[in-house]
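# Chain and residue survey
Here are the chains, one letter per residue:
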Amino acid sequence: MDYSLLVVEDEEKIARLLEIELEIEGYKVKCCSNGLQALEEFRAAKWDLVLLDIMLPEMSGIELLRRIRANDSATPVILLTAKDSVEDKVSGLDYGANDYITKPFQIEELLARIRAALRLRAAAVPADSDTEEWLQAADLKVNEKTREVIRGGEAIELTPREFDLLVYLLKNKRQVLGREQILEAVWGYDYYGETNVVDVYIRYIRKKIDSGKQPELIQTVRGVGYVIKETS
Ligand code: CA
């Protein structure tokens, strides 16, 4: 099986070394040197494992981990931490990292930990993969793990942001959500933008999942925000 690894590391030498060694092991590797960019990469594709440095430009590894874990509790994350930084290790594990390795590390040890994390992950998947992964409203089904969106048996393509927005609405089905609340959950609290970006994206996903279908799932609550409901 071809595993895809996202490597987030801003020290060029280390990133290069990791890329070479991991590719020799047969992994597909994508390197990213900046936290924000890494978040975009993470959301844009499916990864089997993330190697994450903590000190990064633009967004720290810990913050990136927090964002990843907000929507994804399954993808293994191994932290690369600086020597003696106990605090980083602890908060990293608190935020849901699966493991960490201290720099400088022996590549063999890192490879062994990657194999172990992938094995654990493979063992954890089958049991609940089909029943619990699907979020549902009427004939709309969304699978967070495979990122599939199906309505009335038809597959629908969403962009990563549209997908995150739909998942957030579905997880809070029947609750009216304000624009600010949606903005914070889906775009992050440090998003400097207008809340009307929410309206724009709601329009996009409505067009894709609701247009011409019954019942209309995404409903506007005037002066408040939006809600997903099965009945109008
Ligand atoms: Ca660094």
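Every disulfide links exactly two cysteines, by a covalent bond between their sulfur atoms. Under the definition given, this model contains zero disulfides. Not part of a disulfide, Cys 32 finds its nearest cysteine sulfur in Cys 31, a span of 8.4 Å. With relative accessibility at 2%, the residue Cys 32 sits in the buried group.

Let us now look at the pairing of strand S1 (residues 4–8). Counting buried residues along S1, five of its five residues qualify, which places the element largely inside the surrounding structure. Alternating positions in S1 separate into two faces, Ser 4, Leu 6 and Val 8 on one and Leu 5 and Val 7 on the other, with burial throughout. Strand direction decides the pairing type here: S1 and strand S2 (residues 28–32), joined by five bridges, are parallel. In the strand pairing of S2, Leu 5 is matched with Val 29. A crossover links S1 with its parallel partner S2, the connecting element being helix H1 (residues 12–24), and its sense is right-handed. Pairing analysis gives four bridges linking S1 to strand S3 (residues 49–53), with the strands arranged parallel. Within S3, the position partnered with Leu 5 by the bridge is Leu 49.

Counting 28 residues, the largest nonpolar core has Val 142, Val 149, Leu 166 and Ile 182 as its most contacted members. Broken down by secondary-structure element, the contributors of at least two residues to this core are strand S6 (134–137), strand S7 (140–143), helix H6 (160–171), helix H7 (179–187), helix H8 (196–209) and strand S12 (225–228). Ranked by the residues each element gives to this core, the list is headed by H6, at seven residues. Every residue in contact with Val 142, bar those within four places of it in the chain, is listed here: Glu 133, Trp 134, Leu 135, Glu 148, Val 149, Phe 163, Leu 166, Val 167 and Leu 170.

Our next topic: the domain arrangement of the protein chain. Here the domain parsing of the protein chain yields domain 1 (4–124) and domain 2 (134–228). Put simply, the middle of domain 1 and the middle of domain 2, counted by C-alpha atoms, are 29 Å apart. Domain 1 puts 11 residues into the contact, and the matching count from domain 2 is 14 residues. The largest contributions to the domain 1 side of the interface with domain 2 come from Arg 43, Arg 67 and Asn 71, which together make up 57% of the buried area. For the interface between domain 1 and domain 2, the tally reads one salt bridge.

Spatially, S10-S12-S11 is the arrangement adopted by the three strands of the open sheet, whose pairing is antiparallel. Both outer strands of the open sheet, strand S10 (177–178) and strand S11 (218–221), are each paired with one neighbouring strand and no more. Relative to S12, S10 runs antiparallel, the two being bridged by two bridges. Note that in S12 the partner of Leu 177 across the bridge is Tyr 226. Across the sheet, H8 touches S11 and S12, and the angle it forms with S11 is around 145°.

Here the residue pair Lys 103 and Pro 104 is connected by a cis peptide bond, since its omega of -5° sits within 30 degrees of zero. When you line up the elements, Pro 104 lands in the loop between strand S5 (99–102) and helix H5 (107–132). For Glu 58, which is not glycine, the phi torsion reads 75° and is therefore positive. With respect to the helices and strands, the residue Glu 58 is situated in the loop between S3 and helix H3 (61–71).

A word on the environment of Gln 214. Counting through the fold element by element, Gln 214 comes out in the loop between H8 and S11. The spatial distance from the C-alpha of Gln 214 to the C-alpha of Ala 138 is 9.3 Å, given a sequence separation of 76 residues.

Of the protein atoms, only Asp 10 (OD), Asp 53 (OD) and Met 55 (O) coordinate the calcium ion, at distances of 2.1 to 2.3 Å. Counting residues between consecutive donors of the calcium ion along the chain gives the motif D-x42-D-x1-M. Classification of Asp 53 as buried rests on a relative accessible area of 4%.

Looking now at the pattern of salt bridges. Enumeration according to the criterion identifies 19 salt bridges in this entry. As a salt-bridge pair, Asp 72 and Arg 69 come within 4.0 Å of each other at their nearest N and O atoms. For the pair Asp 72 and Arg 69, a shared accessibility class is recorded, and that class is buried. Among the ionic pairs, Asp 99 bridges to Arg 113, the shortest N-O distance being 3.0 Å. Of this pair, Asp 99 sits in strand S5 while Arg 113 is found in helix H5, placing the two residues 14 residues apart along the sequence. Through salt bridges with shared partners, one network takes in Glu 9, Glu 11, Asp 53 and Lys 103.

Rules of the game
Residues numbered from 1 in each chain as written. Predicted model: local features only at pLDDT ≥ 70, side-chain atom pairs only at ≥ 80, totals over all residues. Heavy atoms only, no water. Disulfide = S-S within 2.5 Å. Buried < 20%, exposed > 50% of the residue type's maximum accessible area, 1.4 Å probe, protein only. Helix = DSSP H or I, 4+ residues; strand = E, 2+ residues; numbered from the N terminus. Pairing = 2+ DSSP bridges. Right-handed = clockwise from strand over helix to strand, strands pointing away. Core = buried A, V, L, I, M, F, W, Y, C linked by side-chain atoms within 4.5 Å. Contact = heavy atoms within 4.5 Å. Domains from an automatic or database assignment. Buried area = accessible area lost by both parts, 1.4 Å probe. Salt bridge = Lys/Arg side-chain N within 4 Å of Asp/Glu carboxyl O. Axes fitted to C-alpha atoms, helices over the stretch in contact; angles between N-to-C directions. Donors = N, O, S within 2.8 Å, 3.2 Å for Na, K, Ca; no water.

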